[in-house]
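Observations on the model geometry
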Amino acid sequence: MRKPRPIHTVIEPFRIKSIEPIRMTTRDEREQHIRDSGYNVFLLNARDVLIDLLTDSGTGAMSAEQWAGVMRGDESYAGSESYYRFKAAVQDIFGFRNVIPTHQGRAAERILFSTVCRPGDVIPNNTHFDTTRANIEFTGAEARDLPCAEGVDLATPGPFKGNIDLAALERLLEDPPGRIPLAMITVTNNSGGGQPVSMANIRAASELCRAHGVPFYIDACRFAENSYFIQQREEGYGDTPLIDIAREMFSYADGATMSAKKDGMANIGGFLATNDDELAAQERDLLILTEGFPTYGGLAGRDLDAVAVGLYEALEPDYQKYRIASTAYLGEHISAAGVPIVQPPGGHAVYIDAAAMCPHIPTLEFPGISLAIELYREAGIRSVEIGSVMFGSTDPETGEPVAARNELVRLAIPRRVYTQSHIDYVVEAILNVYDRREAMRGYRITYEPAFLRHFTTRFEPL
Ligand code: F0G
């Protein structure tokens, strides 16, 4: 008899109970749809998209237990059972005394920053997500990115490329150009390629902040993925359960903002948490103004219950093993065929370096937009440009457009939604586009709005 061999295939640790059809389209139909959308994938009708990798935010599949939570939801206006279950889950994992529910992450950001920031203040972060930056800048404060040196080098892999630059943080804390009401670290670092932050980096950043009397916050959206990377990659954590890793991360922080649309495994929700009772009281006053009473904060009781269950599911070891393996699977297959990606693949997404893939397209003719359009044309795949359309600016003196630092296309993987054959299809499509990359052309903007232009800009091919 043959010796039994270990099985190496990482499988989806669930079976499918309820399905949602997706719709094939022809290339001619897609050509028409993308033209009608002004060549902006945000303006496509979702029904015309086959595989939607626009975002991992709010697009996941909920579990049977979460749906059971939805039925348990208590819709009392004040003091609902759902809130107490939500609060207990957040306190158990995150450990903060005050838990303020919000409808999503940016609502927590808006309440936090409009409470603590004044014009001229500076908020450091490894890399601010765009809503975080916008909410800081809206108060007149400055959002300062301090990514570590490895994080800036796209093509060279490293275990913790999401780290904050500790020396730069220290310099800023010693000699700040303005008040620093708090410092932040985003786990995983979304705008920095979905790369994780090490426990050592979080601990050191926290110590620096505490030595300077500056509160330290964590943007916790993908805290469970970050915990898994720490377990897999950081010395001393190999046998530590994910929940204990998460608890340790947050033990170094004075507060957190959270979008439960990511590692809350829910379709909507978020929270703001802090150990500062006085600050929390001010934040609750603001919450009532725009989000709702402090025990629901813009959510239905059923949403609070879905999050209370989801936060624990995100920390299940089999789930994270499959989650990170499936993102890596996509990244490794396209990279092996020569497609330049941010290395290594991130937790929630793979980022293609469109500038490296299409050096013949100038950055201000938007190689990332061109690639996102080509992936849709080829196979009905929706991705998103993270480049000069999203982060480009205008020189205040000359009025000339300024390119972003990188021209990336993000393929974000919704949680528990697509199977391996969906991902195999995506790999094939990307490789087809890659093979004819030299024929790709740039785009020109025909309309752009005043703010957050990536959502509604319209283009035409050059
Ligand atoms: N912080 C990070 C790191 C994020 O990635 C996001 C959202 C937010 C805050 C804001 O949370 O959307 O619930 O208001 N990221 C999504 C994305 C939109 O596609 O990366 P939100």
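To start, this report covers the structure provided alongside it. What you see is a predicted model; the values in this text were computed from it and never measured.

1. Describing the site of the ligand
- If you check the shell around the ligand, you find 17 residues, and the closest are Thr55, Arg106, Ser259, Lys262 and Arg410.
- Contact between the ligand and glycine 105: an oxygen atom at 2.9 Å from a main-chain N or O atom of the residue.
- Between the ligand and asparagine 190 there is a distance of 2.8 Å, counted from an oxygen atom to a side-chain nitrogen or oxygen.
- Relative to its unbound accessible area of 470 Å², the ligand is 93% covered by the protein chains.
- It is helix α4 (residues 105–116) that provides the largest number of residues to the shell around the ligand, a total of three residues.
- For the shell around the ligand, the residue count by class is two nonpolar, eight polar and seven charged.

2. What about the pattern of salt bridges?
- Applying the stated rule across the entire model yields 26 salt bridges.
- The partner of arginine 144 in a salt bridge is glutamate 142, with the nearest N and O atoms 2.7 Å apart.
- Residue glutamate 142 is classed as partly exposed on the basis of its relative accessible area of 34%.
- For glutamate 374, the salt bridge is made with arginine 436, and the minimal N-O distance between the two is 3.4 Å. Of this pair, glutamate 374 sits in helix α15 (residues 367–379) while arginine 436 sits in the loop between α17 (420–435) and β15 (443–447), and the two are 62 residues apart along the sequence.
- Relative accessible area serves as the criterion here: at 9%, glutamate 374 is assigned to the buried category.
- Judged by its relative accessible area of 31%, arginine 436 falls in the partly exposed class.

3. Regarding the environment of alanine 260
- Position of alanine 260 relative to the elements: it lies in the loop between β7 (255–259) and β8 (270–274).
- On the basis of relative accessible area, alanine 260 is assigned to the buried category, the value being 0%.
- Spatially, the C-alpha atom of alanine 260 lies 7.2 Å from that of glycine 105, the residues being 155 residues apart in sequence.
- Those residues in contact with alanine 260 that sit more than four places away from it in its chain are Met265, Ala266, Gly269, Gly270 and Val307.

Thresholds, definitions, all that
- Residues numbered from 1 in each chain as written.
- Predicted model: local features only at pLDDT ≥ 70, side-chain atom pairs only at ≥ 80, totals over all residues.
- Heavy atoms only, no water.
- Near = heavy atom within 4 Å.
- Polar contact = N/O pair within 3.5 Å; in protein donor to acceptor, adjacent residues only side chain to side chain.
- Areas by Shrake-Rupley, 256 points an atom, 1.4 Å probe, with all protein chains shown as cover.
- Helix = DSSP H or I, 4+ residues; strand = E, 2+ residues; numbered from the N terminus.
- Nonpolar A, V, L, I, M, F, W, Y, C, P; charged D, E, K, R; others polar.
- Salt bridge = Lys/Arg side-chain N within 4 Å of Asp/Glu carboxyl O.
- Buried < 20%, exposed > 50% of the residue type's maximum accessible area, 1.4 Å probe, protein only.
- Contact = heavy atoms within 4.5 Å.

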